[in-house]
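Listed below are the residues making up each chain.
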Amino acid sequence: MKKHILLLLFTCFTMIAFGQTELRNLTVENLSNPIGIGVKTPRFSWKLVSSKRNVKQAAYEIQVKEGKNTVWASGKVASEASIFTKYAGSPLVSNAKYIWQVRVWDNQGKTSKWATASFGTALLHSNEWKATWIGSGLKSDTVNGVVPMFRKSFLANKKIASAKVYVTSRGLYEVQINGKRMGDSYLSPGWTSYDKHLQYQTYDVSNLLSEGKNAIGVLLGSGWYRSRLGWENKQNIYGKETGLLFQMVIKYADGTTETVVSDTSWKASNSHITYSEIYNGEVQDARLEQKNYSVASFDDSKWSTVVSKDFPTNYITAAINEPIRKHENLKPIAVLTSPKGETILDFGQNLAGWVKVSVQGKAGDIIKLSHVEMLDKKGTPYFENLRSAKAQAIYTLSGNGIETFEPHFTTFGFRYVKVEGITGKINPDDFTAIALYSDIKKTGAFETSNAYINKLQSNIRWSQRGNFLDVPTDCPQRDERLGWTGDAEVFSRTAAYNFNVDQFFAKWLIDVAADQKENGAVPFVIPNALKGSFFDMPVGAAGWSDASIIIPYNMYVSFGDKEVVERQYPSMKAYLNYVRGAAKNDLWNTGFQFADWLSYRVDDSKGMIGMKSAITDNYLVAQCFYAYNTEIMIKAATLLGKTDEVQEYQSLLERVKKAFQTEYMTASGKLISETQTAYILALQFDMLPENLRAQAVERLVKNIEGYEYHLTTGFLGTPFLNPVLTRFGRNDVAYKLLLQDTYPSWLYPIKAHGATTIWERWDSMKPDGTFQDPSMTSFNHYAYGAVGDWMYRTIAGIDTKEAEGAGYKSIIIKPEIGGNLTYAKGSLETNYGLVSSSWRIENNKFILDVEVPANTNATIEFPTNKIETIKENKAVLNAKTKTVGSGKYHFEMEL
Ligand code: RAM
């Protein structure tokens, strides 16, 4: 085995060394070797690797086979396209395995070897569901009741070649086959707008089955389906009764198939999970556990028969996004005792997930874990900001040796855990905090010479991990954890630097469209769990509902994914039409707005005595977003070749800007709200006539100086604060804001309170160590982390050219120095390969190393005016910019 790997490595190495173009990272629908593709024309992508410079793809050829049959041979296609090439062969069939191969010709006359990968199809037609929806039929199976379990034993009496399971639920499922857990995903099938869109997952269970008797066991928790959601205590939003839909297709070695489906031959029983709920947590009693219930020999004669349910199957689709998986494991860094004598474990990092605990005790002993994000000044666990969420895991021991527990259908947002019920000295090694989040692949890396900025980057990334739980949530701890559109919108570009979130958002955007109102308004949370509450209105809020337009386009920019824009386009258009309808004379000045949510207010903290609150007129903000939306619609319509609409939106945009100027600006360019956000948004979206922009920048900078270089922006102003300063030549001020470490600022939570995630408010913990209003104080809210994309784009200097080269087909490398940084390194695994930009300053010399992936080009802009000193290796460039093809480059220059 080892020998083989060595040989393979050696071959790869020699090929690359000899300038051969190699292919790697073959994906189908953004996933590597997926087994449950549900789309009929999946998209293929691959990356080129070469040790040579200036390598581009000149042509490609794809072949797809099912068994021995070639179902698609593209032939040699002259094209640079190496991402998202659509399948164009004979119709794919369900439940099949395909092997696909690709080779390319590069622009230097070389042909790559064939690279091979596979994909499997799921059920491509909804009438292929042979399974029946089943429910436990147990009285105890209610939202506050006992989690039911199901079982089915069956005979597989021939040699098994392969087997796949297609499964979903109303509620959350966990499947075992013959005593082993099926797959490594958690909280499946995830959360969608269940009444309109439900995903099923596909598992390869070939290795779990054996010839002869087999058994299936399933736990079915309430999850998001019927746990209470939102702070109004509403339960059973999607229905009172959960259900399971399960279909297994076994292929025997002799070519025959057999299907095992959920139906009324299945049996049900109460499990040992006596309570399970999203916000409150889980209660388990190990004394009630029916061990081996998923083993064929288990005696289920006492179990009852399940009931069939007439839930529909026609709206169920194969999952398109990565499932939730377990990620980081953390051990306690300290065992603390609170002033009240409580025992508290400190995991050193605020995260979302749960704790796995191994303990030994007597039957009936109860261990209780209560999860909190913070301790107060005195070291007492702070529960208040969880509002009504209990966030507890409670385990009753069976007394049989060492017992290991972890929850199944809930998660917690925490750094500290209060432990009750352990007699004797606590052993921290018995506890492991596990971070759970969607299995989005890490793509970005960012580091500088400043440890605080690095911590900020780490906090942004951790808040992303903590809130990318199948849905982009606002927070992971209190009785909320909802898909707030505004938070996702402001953070989406940053999110796309840290991880590949293309499929994650593509899936969520389907629900944005599904839950969109008839008049085009988009709800404030998606899935719309606030249905019927105060916040469920047929209106759109600027910056929130606008996620429907902004996020699809951001996915195109970051990943070159045009299809997501195509799919969302009707929803995007309907939303813009809603705004047009809400506007009068091109002014969007009606309806409910969150506007610049949580901007600085004097009554919040005593941090800045004598400073004015920074309240920006709601409709001034809305008008800027009206322009932003329209501008994106121009770009989206251009991308999709909708020429008439391009023209229509162009003239709309002009009118929207005019209306802004008449309504919110004096003749000399002063805005009716003298706030940072007002000027930032007006500048970002080109709302001001060109001749009045310089004075607006001056006013903005003056305002910032007035607050002694503190930001005062809320959710909508913050993402554009530093980008606007950089764009208008005030990078010095942007760096000052970034490095500010007293309230309000990005570094204040880190410097003053050792924050490990991004907070909801600039002063979630105040300078005096007390907490903000517990009714809305989260310590894990990514919105203010939206500065992350500026850090990648400006400090490391990595960006994509939007118009000619979205998805980093055409790259910009433009590092901007400042803040006394002596080095910065950024890298991004794009759909074409790794882009990296790393610089350092030594003796007033600026040294820059850049890597540009094959099949792309990059324009590098150097941060010095002494252009005569700019050298590539030894050669003098004598130019401020240089456009290069793929390869590694080294530059040095004087500053
Ligand atoms: C809070 C949420 C979220 C924000 C809304 C307006 O409740 O936590 O961050 O988008 O309000």
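Quick caveat: nothing in here was measured; it's all calculated off a predicted structure.

Thresholds applied
Residues numbered from 1 in each chain as written. Predicted model: local features only at pLDDT ≥ 70, side-chain atom pairs only at ≥ 80, totals over all residues. Heavy atoms only, no water. Helix = DSSP H or I, 4+ residues; strand = E, 2+ residues; numbered from the N terminus. Rg over C-alpha atoms; globule rule 2.2 N^0.38 Å. Buried < 20%, exposed > 50% of the residue type's maximum accessible area, 1.4 Å probe, protein only. Contact = heavy atoms within 4.5 Å. Near = heavy atom within 4 Å. Polar contact = N/O pair within 3.5 Å; in protein donor to acceptor, adjacent residues only side chain to side chain. Areas by Shrake-Rupley, 256 points an atom, 1.4 Å probe, with all protein chains shown as cover. Pairing = 2+ DSSP bridges. Salt bridge = Lys/Arg side-chain N within 4 Å of Asp/Glu carboxyl O. Axes fitted to C-alpha atoms, helices over the stretch in contact; angles between N-to-C directions. Parallel < 35°, antiparallel > 145°, perpendicular 65-115°, else oblique. Left-handed = near helix turned anticlockwise from the far one by under 90°. Domains from an automatic or database assignment. Buried area = accessible area lost by both parts, 1.4 Å probe. Nonpolar A, V, L, I, M, F, W, Y, C, P; charged D, E, K, R; others polar. Expected span 1.5 Å × (residues − 1). Core = buried A, V, L, I, M, F, W, Y, C linked by side-chain atoms within 4.5 Å. Phe/Tyr/Trp six-rings, centres within 6.5 Å; stacked < 30°, edge-to-face > 60°.

Draft legend 1. Up close: the overall build of the protein chain. Scanning the protein chain from N- to C-terminus turns up 16 helices and 44 strands. Taking 29 Å as the expected radius of gyration for a compact globule of 895 residues, we find that the protein chain reaches 28 Å, a close match to that expectation. Taken over the C-alpha atoms alone, the protein chain extends approximately 85 × 70 × 55 Å along its principal axes. Taking all 895 residues of the protein chain together, 61% fall into the buried category. Of the contacts made within the protein chain by residues no fewer than 6 positions apart, 74% connect residues no fewer than 24 positions apart.

Draft legend 2. Representation of the site of the ligand in the model. Around the ligand sit D474, R478, E480, W484, D487, W544, F594, W597, F715, E760 and H781, and that is every residue in its neighbourhood. In the model, an oxygen atom of the ligand is placed 2.9 Å from a nitrogen or oxygen of the W544 side chain. E760 is positioned with one of its side-chain polar atoms (N or O) 3.4 Å from an oxygen atom of the ligand. Its free accessible area being 290 Å², the ligand has 96% of it covered by the protein chains.

Draft legend 3. Inspection of the sheet that holds strand β2 (residues 43–49) at higher detail. Here three strands make up an open sheet; going across it, the order is β1-β2-β6 and the pairing antiparallel. Edge positions in the sheet fall to β1 (22–28) and β6 (85–86), since each of these pairs with one other strand and no more. The pairing of β2 with β6 spans two bridges and is antiparallel. For R43, the partnering residue across the bridge sits in β6 and is K86.

Draft legend 4. Representation of the pattern of salt bridges. As enumerated under the stated definition, the model contains 54 salt bridges in all. Across the pair D536 and K517 runs a salt bridge whose closest N-O atoms are separated by 2.6 Å. You can see D536 sitting in the loop between α5 (502–515) and α6 (547–559) and its partner K517 sitting in the loop between α5 and α6, a full 19 residues away along the chain.

Draft legend 5. Expanded view of the pairing of strand β17 (residues 257–261). Note that strand β16 (residues 243–252) and β17 share five bridges and pair antiparallel. If you follow V249 over to β17, its bridge partner there is T259. Remark: four residues form the turn of the hairpin made by β16 and β17, two consecutive strands paired antiparallel; G255 in that turn has positive phi of roughly 95°.

Draft legend 6. Region of the structure containing the packing of α6 against helix α7 (residues 562–582). Two numbers describe how α6 lies on α7: the axes approach to 8 Å, and their chain directions differ by 160°. The angle between α6 and α7 places the two elements in the roughly antiparallel class. Crossing geometry of α6 relative to α7 is assigned as left-handed. The residues of α7 that touch α6, namely those facing S548, I549, P552, Y553, M555 and Y556, are K562, V564, V565, Q568, S571, M572, Y575 and L576.

Draft legend 7. Spotlight on the environment of V104. Turning to its location among the elements, V104 is positioned in strand β7 (residues 97–106). According to the relative accessible area criterion, V104 is buried, its value standing at 0%. Counting along the chain gives 366 residues from V104 to D470, while the straight-line C-alpha distance between them is 35 Å. The contacts of V104, once residues within four sequence positions are left out, are T21, L23, W46, L48, Q57, A59, Y60, K110, T111 and S112.

Draft legend 8. Expanded view of the domain arrangement of the protein chain. By domain assignment, the protein chain separates into domain 1 (2–114), domain 2 (126–321), domain 3 (326–438), domain 4 (444–796) and domain 5 (806–894). Contacts between the two partners involve 24 residues from domain 2 and, on the opposite side, 26 residues from domain 3. Roughly 2000 Å² of surface becomes buried between domain 2 and domain 3 when both sides are summed, with 54% attributable to carbon and sulfur atoms. Sorting the residues of domain 2 by area buried against domain 3 places Y186, E282 and Q284 first, and these three jointly supply 30% of that buried surface. Counting across the domain 2 and domain 3 interface gives zero salt bridges. In this assembly, domain 2 and domain 3 are joined by 17 residue pairs in polar contact (both at pLDDT 80 or more). Breaking the side of domain 2 that touches domain 3 down by element, the ones donating at least two residues are β12 (172–177), β15 (212–221), β19 (273–277) and β20 (281–285). With five residues, β20 is the single largest residue contributor to the side of domain 2 that touches domain 3. A breakdown of the residues in the side of domain 2 that touches domain 3 according to their chemical character gives 13 nonpolar, five polar and six charged.

Draft legend 9. Looking closely at the environment of I813. Position of I813 among the secondary structure elements: in strand β36 (residues 810–813). Each C-alpha atom of the pair I813 and K882 lies 9.8 Å from the other, and the pair is 69 residues apart in sequence. Setting aside its immediate chain neighbours within four residues, I813 contacts G797, I798, V835, S837, V850, A858, T859, I860 and E861.

Draft legend 10. Just the pairing of β36, in detail. Note that strand β35 (residues 798–800) and β36 share three bridges and pair antiparallel. Within the sheet, the bridge partner assigned to T800 lies in β36 and is I811. With four bridges connecting them, β36 and strand β40 (residues 857–861) associate as parallel partners. If you follow I811 over to β40, its bridge partner there is A858.

Draft legend 11. Spotlight on helix α11 (residues 693–706). Look at α11: 20 Å from first C-alpha to last across 14 residues, which is about the 20 Å you get at 1.5 Å a residue. Inspection of α11 places R693, Q695, A696, V697, L700, V701, N703 and I704 among the buried residues, and these make up the whole buried set. One or two residues past the end of α11 sits E708, with phi positive at roughly 50°.

Draft legend 12. Spatial organisation of the sheet that holds strand β44 (residues 887–894). Spatial ordering of the open sheet is given by β32-β37-β38-β39-β44-β41-β42, a layout of seven strands whose pairing is antiparallel. With partners counted over all chains shown, the strands left at the sheet margins are β32 (444–448) and β42 (875–876), one partner each. Alignment of strand β38 (residues 834–842) against strand β39 (residues 845–852), held across seven bridges, turns out to be antiparallel. Following the sheet pairing, I841 is matched in β39 by F846.

Draft legend 13. View of the nonpolar core. Ranked by size, the top nonpolar core spans 232 residues in total, and within it V501 and F505 carry the most contacts. Looking at which element gives the most residues to this core, the answer is helix α8 (residues 618–639), with 13 residues. Residues I134, A163, V165 and I177 belong to the second largest nonpolar core, which totals 28 residues.

Draft legend 14. Up close: α8. With 22 residues, α8 extends 31 Å between its outermost C-alpha atoms, agreeing within 8% with the 32 Å of an ideal straight helix rising 1.5 Å per residue. Burial runs high along α8: 16 of the 22 residues are buried. Phi for G641, located one or two positions after α8, is positive at around 70°.

Draft legend 15. Looking closely at the packing of α5 against α6. Contact geometry of α5 with α6 gives a least axis separation of 10 Å together with a crossing angle of 155°. Between α5 and α6, the crossing angle belongs to the class labelled roughly antiparallel. As α5 packs across α6, the resulting crossing turns out to be left-handed. For the pair α5 and α6, the contacting residues are D502, F505, W508, L509 and V512 in the first and A547, S548, I551, P552, M555 and F559 in the second.

Draft legend 16. Representation of the packing of aromatic side chains within the structure. A complete count under the given rule lists 68 aromatic pairs for this structure. On the numbers, 5.7 Å between centres and 75° between planes, the contact of F298 with W303 is edge-to-face. For F298, a relative accessible area of 18% corresponds to the buried category. Classification of W303 by relative accessible area gives buried; the value is 7%.

Draft legend 17. Layout of unusual backbone geometry. Looking along the chain, the bond that leaves S188 and enters P189 is cis, with omega of 10°. Geometrically, the link from Y743 to P744 is a cis peptide bond, its omega value of -10° lying close to zero. Among the secondary structure elements, P744 is positioned in the loop between α13 (731–739) and α14 (748–753). In this structure, N25 takes a positive phi of about 50° despite not being glycine. Looking at the element boundaries, N25 is found in strand β1. The residue D586 is not glycine, and still its phi comes out positive at about 65°. Here D586 lies in the loop between α7 and α8.

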